[in-house]
Number of protein chains: 4
Amino acid sequence: MYEKFRFLTSGESHGKCLTAIIDGLPSGLEIDTNYINSELQRRQQGYGRGGRMQIEFDTAEISSGVRFGKTIGSPVTLVIYNKDYENWNKIMSTKPEDMTEEKSFTAYRPGHADYAGSIKYNHKDLRNVLERSSARKTAIEVAVGAVAKLLLKKYNIECSSKILQIGNGKNEIEFHQEIDKAKEAGDTLGGKFEVTFKNLPVGLGSYVHWDRCLDGRIAQAVMSIPAIKSVSIGDGEHAAEITGKNFHDEIFIENGKVVRKTNHAGGIEGGMTNGEDLTVRAIMKPIPTLKTPLNTVDSCTMEETEAHFERSDTCAVEACSVVAESRIACVLANEILMKFPTDYFE
Amino acid sequence: MYEKFRFLTSGESHGKCLTAIIDGLPSGLEIDTNYINSELQRRQQGYGRGGRMQIEFDTAEISSGVRFGKTIGSPVTLVIYNKDYENWNKIMSTKPEDMTEEKSFTAYRPGHADYAGSIKYNHKDLRNVLERSSARKTAIEVAVGAVAKLLLKKYNIECSSKILQIGNGKNEIEFHQEIDKAKEAGDTLGGKFEVTFKNLPVGLGSYVHWDRCLDGRIAQAVMSIPAIKSVSIGDGEHAAEITGKNFHDEIFIENGKVVRKTNHAGGIEGGMTNGEDLTVRAIMKPIPTLKTPLNTVDSCTMEETEAHFERSDTCAVEACSVVAESRIACVLANEILMKFPTDYFE
Amino acid sequence: MYEKFRFLTSGESHGKCLTAIIDGLPSGLEIDTNYINSELQRRQQGYGRGGRMQIEFDTAEISSGVRFGKTIGSPVTLVIYNKDYENWNKIMSTKPEDMTEEKSFTAYRPGHADYAGSIKYNHKDLRNVLERSSARKTAIEVAVGAVAKLLLKKYNIECSSKILQIGNGKNEIEFHQEIDKAKEAGDTLGGKFEVTFKNLPVGLGSYVHWDRCLDGRIAQAVMSIPAIKSVSIGDGEHAAEITGKNFHDEIFIENGKVVRKTNHAGGIEGGMTNGEDLTVRAIMKPIPTLKTPLNTVDSCTMEETEAHFERSDTCAVEACSVVAESRIACVLANEILMKFPTDYFE
Amino acid sequence: MYEKFRFLTSGESHGKCLTAIIDGLPSGLEIDTNYINSELQRRQQGYGRGGRMQIEFDTAEISSGVRFGKTIGSPVTLVIYNKDYENWNKIMSTKPEDMTEEKSFTAYRPGHADYAGSIKYNHKDLRNVLERSSARKTAIEVAVGAVAKLLLKKYNIECSSKILQIGNGKNEIEFHQEIDKAKEAGDTLGGKFEVTFKNLPVGLGSYVHWDRCLDGRIAQAVMSIPAIKSVSIGDGEHAAEITGKNFHDEIFIENGKVVRKTNHAGGIEGGMTNGEDLTVRAIMKPIPTLKTPLNTVDSCTMEETEAHFERSDTCAVEACSVVAESRIACVLANEILMKFPTDYFE
């Protein structure tokens, strides 16, 4: 948990709502709910999304910590209500008397949390794992990330992301082709994307202790996103092949100021921002729920069977990039608050 | 900082010593100092190391927390004395009256912490940044990792690592060729390695909250190692190209037990260990200190100049893999202590 | 924030609701909502309460982490809706266009957070401080404490509290007399209470590092309750006058088991539970809002004036003791999970 | 562990040394070793101290993080070597072959950590508990506190303490009489002291979340000192008897500035500093080691016996007040760094 910008999230995929409590925001920060909702919409879009994503757009409500459009210094609570909850309120009921086997399943889905989660938490009905392991929870993380981005904007820090690869496709035309191909085959695709943050001050993070290195914190924030299996900073993925003369970003003087002509380092040297654009790349594995099911085992019968099918996205790389922006924004918001003291904005 | 296995390290590269304090170890854990020292030796070896690494082997002393070969439950202190300190005790003196410009330098070394560190901590003499940003501090981290490994061994958890790539070489013969080539050219090389942990229990880590995901914590621990620029779990680096049917590890039954035939996931699903080998790959950038210096700027004159040259390693990938083993061992030791209650070992 | 039982709370006194997210509960723990609500009722009762407390009883809703009456391992969200919110939804609106000076005030209330809070968070309207500094937030803390108590009950750990003193009264008849006297005089009263936890296992907490001492954690949890100004363990308040021969609890053997005949230590020795009842005493200052107002300064005019009057409780010691039980229960729940880590209850 | 000023300590009473690593200090802070040593001397003094305290004065060595008299931003290591170690190096040896029963004991000392600690950590030889539970470890905490005080002095924050009571004595003449009387009787005494910090800025700590309240953090820091059984802020110990009209510190204007004429609150309102002197009172129980031994049980034979006698202090209240100053200084140093974050002092 971060030192200054700390938060907890909660909520099951088909539960009543997703909630986040953020503590540590200065007072006087304008919170634009439309901006938060637009970020939530970005997460729901992207060629290759299906099913749930096309029901309705998520919207976040603020139930504490904001008065007349600005934070007041107390914890901010964000809530995204499940607009489909009425169809699930018995299945996800808190009451013992509502116990049901409806929507339950017992066949482990490979690539998901089902197997390990059912052993860890002693669940027979694997829905008890699915409901929280689902990527659905990233919706509230994007809302939290939007608040972090609003804080970063006060410091002129801007964020963007782009897809670099989907399947074997490396440009947008190829992306669509690859997705269509996979969809027809009842298969799924992962991909690679890059997130960039501009205008970061020099010296966020520190080299003095391993757990204060910014690249480490960013790597944790991104790798822990459901389905992410690889994280790189700058040209990190190629760093094995490039020799020293060609990898390191030389330093020059231009109009009395330090400039660089390359940015292989991705904006981080020695665990700190160095003034260049922060670039983070991540690779998402293909969604582990396929129309063509995978071989698995039923946890009750211990016999081989086919995996349960719940969702129908073919590819969610674009949504994932939005989540990555959010996660990194939270890390940076914490670093900004650690570096620039303020209990309030005027 | 971890919940149960927590530690702080300290020490400058040419200071009196490197120190670590580890709090949270159960009592009754046998601490084999020879084992710790053998791990320190592994870190100092590897084709392509030069200079400092061939002076003498590091050895660790235990100054608290261990009595008659076993932990007693109190914090354990590890110290690695700098065997070369007598040549540096004036230069690194704590006393104001010993202030000197000997060994000072002011030209930022690209790829190092110098630029950002000097701005962050307001240093004119960049040695004040170098001394702590140096990879030298990883020696004490390896000692801490050795203690973590001793704890993991109590649970039969074993660790190993191997180099996958150095420069463009993908086998040992090519590794040596690449290193020799680079050395002659006054250049440096990075590489890629893989760390494996076997026999992990199912269910370390959790999907319930992003910061409890094991892959995230491992990513932080490895990415924050000096010079690491990319971290992957399992076949994560290829996850964009492989489709869902081919990436996810199907589950089978054999003799009444769950087995898998593949391990693309690298032993982690849903942020938890799933019973398969944990495999982590990392890419190290080429060492940023080159015999052929890079273009840079002098922080005092603000004029262009050549970068300071301090070390002469050509390639340190093997040493880096030992550090990565240590870092991951610390993460896992914490998870083991979180999962299996014990204040003591019999 | 605690290692295993961690939570954040949020919510303003007259806001839409109070919220808590608890992460770290094992799965399979029965959550009895009636029990939570009965604890909330206890907090609202007590001779000397007035105003708000007699509107309606608080009730908590669970919006995540519980299915069919048991935890499932994911974060649990508790929400207490403000039943009076319709009268405050404009005054506490999140929207800029609803900005109003209704219910605003600018005269610092002595004994409250107003002065320091307005400077810290740059507030002109002191309501922006009052809304979160109010003891109202302890309602959701009592709900969290109820969940902690349910976990402790799985280990047969029981909790109770009693009032020792109110004003100068030391028994229940005197308590009522003192409160009536104060009420007539437009004054307020504080008091002293004791909380007891029975059946704690030996060895919760630790002496090995100052921040792991149980008495320290309990002291923090209780001292940080609004209006608490003193915390003692056992007979700590008398420990200056009693000599060593008379203070320390001697140890005896009875039927082969260790017993003690006294418990001046209050169940903690060396920062750990020692098997005896844990007894914690706390002193609450008189409520800082008096019908007879105190002299103060208006933050806008910087002229002397009388303090704003918002509530009308004369004495809230009983409610405070319920909050103290809850806070200590959270500390102990964390210690239990640290000592007996379990990811689930059968 | 604190957010910005974080540290770990280690070391057994008769081990080689006590060590502390402090991470989070800005660079450029002058570290005056003489000041640290003078604080260590203060801890060793006080009428009623005996035995160990009169061997030699402790001195602290700095082995990292300080260069030419100033911090450089990296972790600072403090070491206090045990000047008596040569008499203990076999008894406290880390080597299995040195195992000995010399200086071992098995009779639980009432009032100490022995009983709970031996059960928690599974020790037969209670020395394994005594060595770390001993108040000896507070020496290194005083060294850490000295560094914290040096940081506070940069903000003109000053600290002092005074004894209020020893036994039944309330002035210095009575203190000495009480101590002499107890010593003759083979008994021990506790006492009460007050620590004061002046010139604190308004708004350290926060009311927005219970664990950020400054009084709570101070209570934890002081209550966890060995032998402390009660902590109060301001006139907290009397807060039950004093009514609201008389307890709360009214606010006035004088020369355009806010002033108060009383300080019953002890400088904290709403969990934050309010500009008045911070006053903290603590009560120390009598030292649990008496020349006239207490009844106890031998852990091996499970038969009643007399408690082991190791030290001979009659009263250590003055030393304890120095430790309390140090502990509170660490809390405040963290708050100062949280409020006024600076990576360096010019």
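Residues numbered from 1 in each chain as written. Chains lettered and ligands numbered in written order. Predicted model: local features only at pLDDT ≥ 70, side-chain atom pairs only at ≥ 80, totals over all residues. Heavy atoms only, no water.

**Thoughts on the overall build of chain A**
Here comes step 1: A tally of helices and strands in chain A yields 8 helices and 16 strands.
Here comes step 2: If you line up chain A on its principal axes, its C-alpha atoms span 70 × 50 × 40 Å.
Here comes step 3: Residue burial in chain A is summarised as follows: out of 346 residues, 68% are buried.
Here comes step 4: Taking as baseline every contact in chain A between residues at least 6 positions apart, the subset at least 24 positions apart corresponds to 72%. (Helix = DSSP H or I, 4+ residues; strand = E, 2+ residues; numbered from the N terminus. Buried < 20%, exposed > 50% of the residue type's maximum accessible area, 1.4 Å probe, protein only. Contact = heavy atoms within 4.5 Å.)

**Some remarks on the relation of the copies chain B and chain A**
Here comes step 1: Of the transformation superimposing chain B on chain A, the axial component is 0.0 Å and the angular component is 180 degrees, with the fit at an RMSD of 0.0 Å. As the rotation angle and translation indicate, the two copies are arranged about a two-fold axis. Closest to the rotation axis within chain B is the C-alpha of Gln220(B), separated from it by 2.4 Å.
Here comes step 2: A share of 100% of interface residues in chain B that are also interface residues in chain A marks the association as one of identical surfaces. (Least-squares fit on C-alpha atoms with pLDDT ≥ 70 in both.)

**Structural notes on the relation of the copies chain C and chain B**
Here comes step 1: Superposing chain C onto chain B takes a rotation of 180 degrees combined with a translation of 0.0 Å along the rotation axis, leaving an RMSD of 0.1 Å.
Here comes step 2: Residue by residue, 100% of the interface of chain C is reproduced at the interface of chain B, so both copies engage with the same surface.

**Description of the interface of chain B and chain A**
Here comes step 1: Of the residues lining the interface, 100 residues belong to chain B; the matching set on chain A comes to 100 residues.
Here comes step 2: Together chain B and chain A conceal approximately 8000 Å² of surface at their shared face, both sides included; 62% is due to carbon and sulfur atoms.
Here comes step 3: It is Tyr207(B), Trp210(B) and Lys229(B) that lose the most area in chain B upon contact with chain A, and together they represent 11% of the buried surface on that side.
Here comes step 4: Put simply, chain B and chain A have 0 salt bridges between them.
Here comes step 5: At the surface where chain B touches chain A, the tally comes to 44 residue pairs in polar contact (both at pLDDT 80 or more).
Here comes step 6: In terms of residues, the side of chain B that touches chain A owes the most to one element, helix α6 (residues 214-223) of chain B, which gives 7 residues.
Here comes step 7: Residues that form the side of chain B that touches chain A fall into these classes: 45 nonpolar, 33 polar and 22 charged. (Buried area = accessible area lost by both parts, 1.4 Å probe. Salt bridge = Lys/Arg side-chain N within 4 Å of Asp/Glu carboxyl O. Polar contact = N/O pair within 3.5 Å; in protein donor to acceptor, adjacent residues only side chain to side chain. Nonpolar A, V, L, I, M, F, W, Y, C, P; charged D, E, K, R; others polar.)

**Notes on the pattern of salt bridges**
Here comes step 1: The final tally for this structure, using the stated rule, is 116 salt bridges over all chains.
Here comes step 2: With a closest N to O distance of 2.7 Å, Arg6(B) and Asp211(C) form a salt bridge. Note that Arg6(B) is positioned in strand β1 (residues 6-10) and Asp211(C) in the loop between β8 (191-198) and α6 (214-223), a pairing that runs across two chains. Here the two residues Arg6(B) and Asp211(C) agree in accessibility, since each one is buried.
Here comes step 3: Between Lys149(D) and Glu39(D) there is a salt bridge, with the nearest N and O atoms lying 2.6 Å from each other. A residue pair is termed long-range when its members are at least 10 positions apart, and Lys149(D) in helix α4 (residues 138-153) and Glu39(D) in helix α1 (residues 33-44) qualify at 110 residues.
Here comes step 4: By relative accessible area, which is 5% here, Lys149(D) ends up buried.
Here comes step 5: The class for Glu39(D) is buried, based on a relative accessible area of 4%.
Here comes step 6: Shared partners join several salt bridges into a network, and the residues in it are Lys192(A), Glu194(A), Asp235(A), Glu237(A) and Arg281(A).

**Thoughts on the side chain of Ser27(A)**
Here comes step 1: Take Ser27(A): it is sitting in the loop between β2 (17-23) and α1 (33-44).
Here comes step 2: Owing to a relative accessible area of 2%, Ser27(A) belongs among the buried residues under this scheme.
Here comes step 3: In this structure the side chain of Ser27(A) is engaged in a polar contact, spanning 2.6 Å, whose partner is the backbone oxygen of Tyr121(C).

**Here's the deal with the packing of aromatic side chains**
Here comes step 1: Applying the stated criterion to the full structure yields 24 aromatic pairs over all chains.
Here comes step 2: For the pair Tyr108(A) and Tyr115(A), a centre-to-centre distance of 5.0 Å together with 90 degrees between the ring planes defines the contact as edge-to-face.
Here comes step 3: Here Tyr115(A) falls in the buried class, since its relative accessible area comes to 11%.
Here comes step 4: Here Tyr155(C) and Phe340(C) contribute two aromatic rings whose centre-to-centre distance is 5.6 Å and whose plane-to-plane angle is 15 degrees, an arrangement assigned as stacked. Here Tyr155(C) is found in the loop between α4 (138-153) and β7 (158-166), whereas its partner Phe340(C) is found in the segment after α8 (317-339), with 185 residues between them in sequence.
Here comes step 5: Members of the aromatic cluster, each reached through a chain of ring pairs, are Phe5(A), Phe7(A) and Trp210(B).
Here comes step 6: The ring of Phe345(B) carries Lys154(B) above its face, with NZ or CZ at 4.9 Å from the centroid.
Here comes step 7: Across the ring face of Phe252(B), the terminal group of Lys261(B) is positioned such that the distance to the ring centre comes to 4.0 Å. (Phe/Tyr/Trp six-rings, centres within 6.5 Å; stacked < 30°, edge-to-face > 60°. Lys NZ or Arg CZ within 6 Å of the ring centre and 35° of its normal.)

**A short note on the packing of helix α6 (residues 214-223) of chain D against helix α8 (residues 317-339) of chain D**
All names here are of chain D.
Here comes step 1: Here α6 crosses α8 at 145 degrees, and the two axes come no closer than 8 Å. The hand of the α6/α8 crossing is right-handed. On α8, the residues touching Leu214, Arg217, Ile218, Ala221 and Val222 of α6 are Arg327, Ile328, Val331, Leu332, Asn334 and Glu335.
Here comes step 2: Within the contact of α6 with α8, the residues separate by chemical class into 7 nonpolar, 1 polar and 3 charged. (Axes fitted to C-alpha atoms, helices over the stretch in contact; angles between N-to-C directions. Left-handed = near helix turned anticlockwise from the far one by under 90°.)

**Quick look at the confidence of the model for chain A**
Here comes step 1: On average, chain A scores 95 in pLDDT, and the residues at 70 or more come to 97%.
Here comes step 2: Note on the complex model: pTM 0.97, ipTM 0.97. (pLDDT = per-residue confidence, 0-100.)

**Focus on helix α2 (residues 114-121) of chain D**
Here comes step 1: With 7 of 8 residues buried, α2(D) lies mostly within the body of the structure.
Here comes step 2: For α2(D), every residue scored as buried is listed here: Asp114(D), Tyr115(D), Ala116(D), Gly117(D), Ser118(D), Lys120(D) and Tyr121(D).
Here comes step 3: For α2(D), the elements touching its buried residues are β11 (257-260), β13 (272-273) and α8 of chain C together with α3 (127-133) of chain D.
Here comes step 4: Just beyond α2(D), the residue with positive phi is Asn122(D), at close to 60 degrees.

**Quick word on the sheet that holds strand β1 (residues 6-10) of chain D**
All names here are of chain D.
Here comes step 1: With antiparallel pairing, the 4 strands of this open sheet are ordered in space as β1-β2-β6-β3. The sheet is open, and its two edges are formed by β1 and β3 (61-64), each paired on a single side. Sheet twist, expressed as the mean angle between neighbouring strand axes with direction ignored, is 20 degrees. (Pairing = 2+ DSSP bridges.)

**A few points about the sheet that holds strand β3 (residues 61-64) of chain B**
All names here are of chain B.
Here comes step 1: The strand order β1-β2-β6-β3 describes an open sheet built from 4 strands, whose pairing is antiparallel. Each edge of the open sheet is held by one strand with a lone partner, namely β1 and β3. Recorded for the sheet is a direction-independent mean angle of 20 degrees between the axes of neighbouring strands.
Here comes step 2: Two strands pair when backbone bridges link them, and strand β2 (residues 17-23) and strand β6 (residues 76-81) are joined in this way by 6 bridges, in the antiparallel orientation. Counterpart to leucine 18 in the pairing with β6 is isoleucine 80.

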